[in-house]
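Overview (structure and organization)
Each chain is listed here by its residues.
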Number of protein chains: 2
Amino acid sequence: MERTGSEAIPDDISDRDREGFYRVLYGRRDVRSEFRPDPIPNEVLRRVLAAAHHAPSVGFMQPWNFVIVRDPTVRARVRQNFEEVRREGAEQFSGERRRLYDSLKLEGILDAPLNVCVTCDPDRAGPAVLGRVRVREVDVYSTCLAVENLWLAARAEGLGVGWVSILDADRVRELLGIPAGVVPIAYLTIGYVRGFPPRPELETKGWARRAPLDDHVFLDRWGARYPTEVGAPEAGVGPSERPRRPG
Amino acid sequence: MERTGSEAIPDDISDRDREGFYRVLYGRRDVRSEFRPDPIPNEVLRRVLAAAHHAPSVGFMQPWNFVIVRDPTVRARVRQNFEEVRREGAEQFSGERRRLYDSLKLEGILDAPLNVCVTCDPDRAGPAVLGRVRVREVDVYSTCLAVENLWLAARAEGLGVGWVSILDADRVRELLGIPAGVVPIAYLTIGYVRGFPPRPELETKGWARRAPLDDHVFLDRWGARYPTEVGAPEAGVGPSERPRRPG
């Protein structure tokens, strides 16, 4: 891989490291249907949580907690809440779209061996947080960064993760005994899988398409297309966006 | 590395890939002081943005946009806004803490060759979004996942990223011409660096410490410590949390 502009930088990330990183990133999926019940070894789960814990956070406040949900009774109650909210969510759609929605498996709460609720405590570092001034939600943003670290590290370990957003945060808080001030951000299901599909399920099932990257990038001002000389558009999106393997 | 519980899974992620992934993850830093002005080659920036664009999103709605800010005049105005909000933020602290705050370099807006504003458009997929029911902010959460993908991919490419949260989102919206309904989530600075420090700057400067992972993990219920038999606590945190190299 060309290292234009960076030849002089001593860097402990090799081309081979970068290739491994991209394989993990592009191999990550949002898993709902493919979970296997096999337990997750302690040391593997711990590596995944440690990766999440090493996410960046505003003012280094580390506002996250991870509630591992193993108890089948608790998970069954979460699943009941999912069913209720799923029905409510279905009302958004009608006709063919509704039929497709109803046919999708949207959670693996009981299929996966573990669930993980990732929370954000805005008071973790007291009222004064370096970097939290006009935008109060930066602690929530930090917690989401930890979620993505967790998700990618899980993929690196051969574990699938699904984010179940079709829940009521207050009910999740109640079921897990989470204090009033603490916000449940992500309810994740995690486990080994029968396989990682090559594309997102919502894409293969025809729910939505991956947009062309160029439609999402502007230069200096919203709406100003990123010109060719700055970011030369290459071939199409999707798999062809994957970096070429070095060497 | 032991593959307990997963021997039977065909998985295209090798131990070497996983090692590379973890090197990137643990080598990532929030950069403010170390930027070099060297330009970022088009194909490198494009790989970083493609990685961000391949983050998971609720209902596959891909609510993010990336406004690349190169224009020095625009960046100077953003920096003016930073200065104003930085002074406001300083009022949170007094005494030794205030002196430390004032001594920290908190942004590299003009030092880095590019800034990137990552935004969230809640209307990207119309009013009905699969998975967005009781928790409306899941689109914002998705955007943050893209930010972490961008941050890690940048690290894989030898690029440093700093998140400048000490800004006024409305002012950023105005300066970049972002429509009223679209939310500026992250204002990032990105560029090659003189080096990646081994630890977060806020840690080495004594602002905050990394908390022990065990303090952040509960089992089945908030406050219930994660027992030894589930997640055997190993040695201390920090570098010793890094996965052992396989083989």
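About the cut-offs
- Residues numbered from 1 in each chain as written.
- Chains lettered and ligands numbered in written order.
- Predicted model: local features only at pLDDT ≥ 70, side-chain atom pairs only at ≥ 80, totals over all residues.
- Heavy atoms only, no water.
- Pairing = 2+ DSSP bridges.
- Helix = DSSP H or I, 4+ residues; strand = E, 2+ residues; numbered from the N terminus.
- Axes fitted to C-alpha atoms, helices over the stretch in contact; angles between N-to-C directions.
- Contact = heavy atoms within 4.5 Å.
- Expected span 1.5 Å × (residues − 1).
- Buried < 20%, exposed > 50% of the residue type's maximum accessible area, 1.4 Å probe, protein only.
- pLDDT = per-residue confidence, 0-100.
- Least-squares fit on C-alpha atoms with pLDDT ≥ 70 in both.
- Polar contact = N/O pair within 3.5 Å; in protein donor to acceptor, adjacent residues only side chain to side chain.
- Buried area = accessible area lost by both parts, 1.4 Å probe.
- Salt bridge = Lys/Arg side-chain N within 4 Å of Asp/Glu carboxyl O.
- Phe/Tyr/Trp six-rings, centres within 6.5 Å; stacked < 30°, edge-to-face > 60°.
- Parallel < 35°, antiparallel > 145°, perpendicular 65-115°, else oblique.
- Left-handed = near helix turned anticlockwise from the far one by under 90°.
- Nonpolar A, V, L, I, M, F, W, Y, C, P; charged D, E, K, R; others polar.

Description of the sheet that holds strand β4 (residues 183-192) of chain B
Overall, mixed pairing links the five strands, which are arranged β5(A)-β1(B)-β2(B)-β4(B)-β3(B) in an open sheet. Looking along the sheet, the strands with just one partner apiece sit at the ends: β5 (217-219) of chain A together with β3 (159-163) of chain B. In this sheet, neighbouring strand axes are inclined to one another by 25 degrees on average, regardless of whether the strands run parallel or antiparallel. Pairing between β5 of chain A and strand β1 (residues 64-69) of chain B: three bridges, direction parallel. Within β1 of chain B, the position partnered with Leu 219 of chain A by the bridge is Ile 68 of chain B.

Describing the sheet that holds strand β4 (residues 183-192) of chain A
The five strands lie next to each other as β3(A)-β4(A)-β2(A)-β1(A)-β5(B), forming an open sheet whose pairing is mixed. The outermost strands of the open sheet, each flanked by one partner alone, are β3 (159-163) of chain A together with β5 (217-219) of chain B. Averaged over all adjacent pairs, the angle separating strand axes in this sheet is 25 degrees, with direction ignored. Examined bridge by bridge, β3 of chain A and β4 of chain A share five bridges and lie antiparallel to one another. Residue pairing for β4 of chain A: Trp 163 of chain A is matched across the bridge by Leu 188 of chain A. Set on the sheet, helix α2 (residues 42-53) of chain A makes contact with β1 (64-69), β2 (114-120), β3 and β4 of chain A together with β5 of chain B; between it and β1 of chain A the angle comes to about 155 degrees.

Some details on helix α1 (residues 15-27) of chain B
Compared with an ideal rise of 1.5 Å per residue, which puts 13 residues at 18 Å, α1 of chain B spans 18 Å between its outermost C-alpha atoms and is within 8% of the ideal. Counting buried positions along α1 of chain B yields 10 of 13 residues, so the element is predominantly enclosed. Taken together, the buried positions of α1 of chain B are occupied by Asp 17, Arg 18, Glu 19, Gly 20, Phe 21, Tyr 22, Val 24, Leu 25, Tyr 26 and Gly 27 of chain B. Of the surrounding secondary structure, the elements contacted by the buried residues of α1 of chain B are α1 (15-27), α2 and α5 (138-156) of chain A together with α5 (138-156) of chain B.

Structural notes on the confidence of the model for chain A
Residues and elements named next belong to chain A. Taken residue by residue, chain A gives an average pLDDT of 90. The fraction at 70 or more is 87%. Across residues 1-10, where pLDDT falls below 50, the model places 22 contacts with residues more than four positions away in sequence or in other chains. When the criterion is pLDDT under 50, residues 229-247 qualifies, and its contacts beyond four places in sequence or with other chains add up to 41 contacts.

So, the relation of the copies chain B and chain A
For the pair chain B and chain A, the best superposition has an RMSD of 0.0 Å and corresponds to a rotation of 180 degrees with a translation of 0.0 Å parallel to the axis. The relationship between the two copies is best expressed as a two-fold rotation axis. Using C-alpha coordinates, one finds that chain B approaches the rotation axis most closely at Phe 21 of chain B, a distance of 2.0 Å. Of all interface residues in chain B, 99% are interface residues in chain A too; the two copies therefore contact each other through one and the same surface.

Regarding the environment of Arg 194 of chain B
All names here are of chain B. When you line up the elements, Arg 194 lands in the loop between β4 and α7 (201-204). On the accessibility criterion, Arg 194 (52% relative accessible area) is exposed. In the structure, Arg 194 is positioned 95 residues away from Arg 99 in sequence and 26 Å away in space, judged by C-alpha atoms. With residues up to four places along the chain from it excluded, the contact list for Arg 194 reads Ser 33, Glu 34, Phe 35 and Arg 36. Of the polar contacts made by the side chain of Arg 194, one reaches the backbone oxygen of Ser 33; its length is 2.5 Å.

Comments concerning the interface of chain B and chain A
Many descriptions give the size of an interface as the accessible area lost when the pieces come together. Taken together, the 131 residues of chain B in the interface contact 131 residues of chain A. When the two sides are added together, the surface that chain B and chain A hide from each other amounts to roughly 11,500 Å², 57% of it contributed by carbon and sulfur. Put simply, chain B and chain A have 14 salt bridges between them. The partner of Arg 134 of chain A in a salt bridge is Asp 168 of chain B, and the shortest N-O contact between them spans 2.5 Å. Summed over the shared surface of chain B and chain A, the number is 54 residue pairs in polar contact (both at pLDDT 80 or more).

A few points about the packing of aromatic side chains
The full count for this structure, using the stated rule, is 17 aromatic pairs over all chains. Taking 5.3 Å as the distance between ring centres and 35 degrees as the angle between the ring planes, the aromatic pair formed by Phe 93 of chain A and Tyr 101 of chain A counts as tilted. Taken individually, Phe 93 of chain A and Tyr 101 of chain A each receive the classification buried, so the pair is uniform in this respect. With a centroid separation of 6.4 Å and 45 degrees between ring planes, the pair formed by Trp 151 of chain B and Trp 163 of chain B is classed as tilted.

Here's the deal with the environment of Pro 198 of chain B
Mapping Pro 198 of chain B onto the fold places it in the loop between β4 and α7. Classification of Pro 198 of chain B as exposed rests on a relative accessible area of 77%.

Concerning the packing of α5 of chain A against α5 of chain B
α5 of chain B packs onto α5 of chain A with a crossing angle of 60 degrees between their chain directions and a minimal axis gap of 8 Å. Viewed along their axes, α5 of chain A and α5 of chain B adopt a mutual orientation that is oblique. As α5 of chain A packs across α5 of chain B, the resulting crossing turns out to be right-handed. Contacts from Val 140, Tyr 141, Cys 144, Leu 145, Val 147, Glu 148, Asn 149, Trp 151 and Leu 152 of chain A of α5 of chain A reach α5 of chain B at Val 140, Tyr 141, Cys 144, Leu 145, Val 147, Glu 148, Asn 149, Trp 151 and Leu 152 of chain B. Here the residues of the contact of α5 of chain A with α5 of chain B are counted per class, giving 14 nonpolar, two polar and two charged.

Examining the pattern of salt bridges
In total, this model carries 56 salt bridges over all chains according to the counting rule given. The partner of Asp 121 of chain A in a salt bridge is Arg 124 of chain A, and the shortest N-O contact between them spans 3.7 Å. You can call Arg 124 of chain A partly exposed: its relative accessible area is 27%. Across the pair Asp 15 of chain B and Arg 18 of chain B runs a salt bridge whose closest N-O atoms are separated by 2.2 Å. Placement of the pair is Asp 15 of chain B and Arg 18 of chain B together in helix α1, with a separation of three residues, close to one helical turn. Among the charged side chains, a salt-bridge network with shared partners connects Arg 79, Glu 83, Arg 86, Arg 87, Arg 98, Asp 102, Lys 105, Glu 107 and Asp 111 of chain A.

Quick look at α5 of chain B
Every α-helix carries 3.6 residues per turn, so stepping three or four residues along brings you back to the same face. Residues and elements named next belong to chain B. Over its 19 residues, α5 runs 27 Å from end to end, which matches the ideal 27 Å to within 8%, given 1.5 Å per residue. Within α5, 19 of the 19 residues are buried, which leaves the element mostly enclosed by the surrounding structure. Directly beyond the C-terminal end of α5, a positive phi value near 80 degrees is found at Gly 158.

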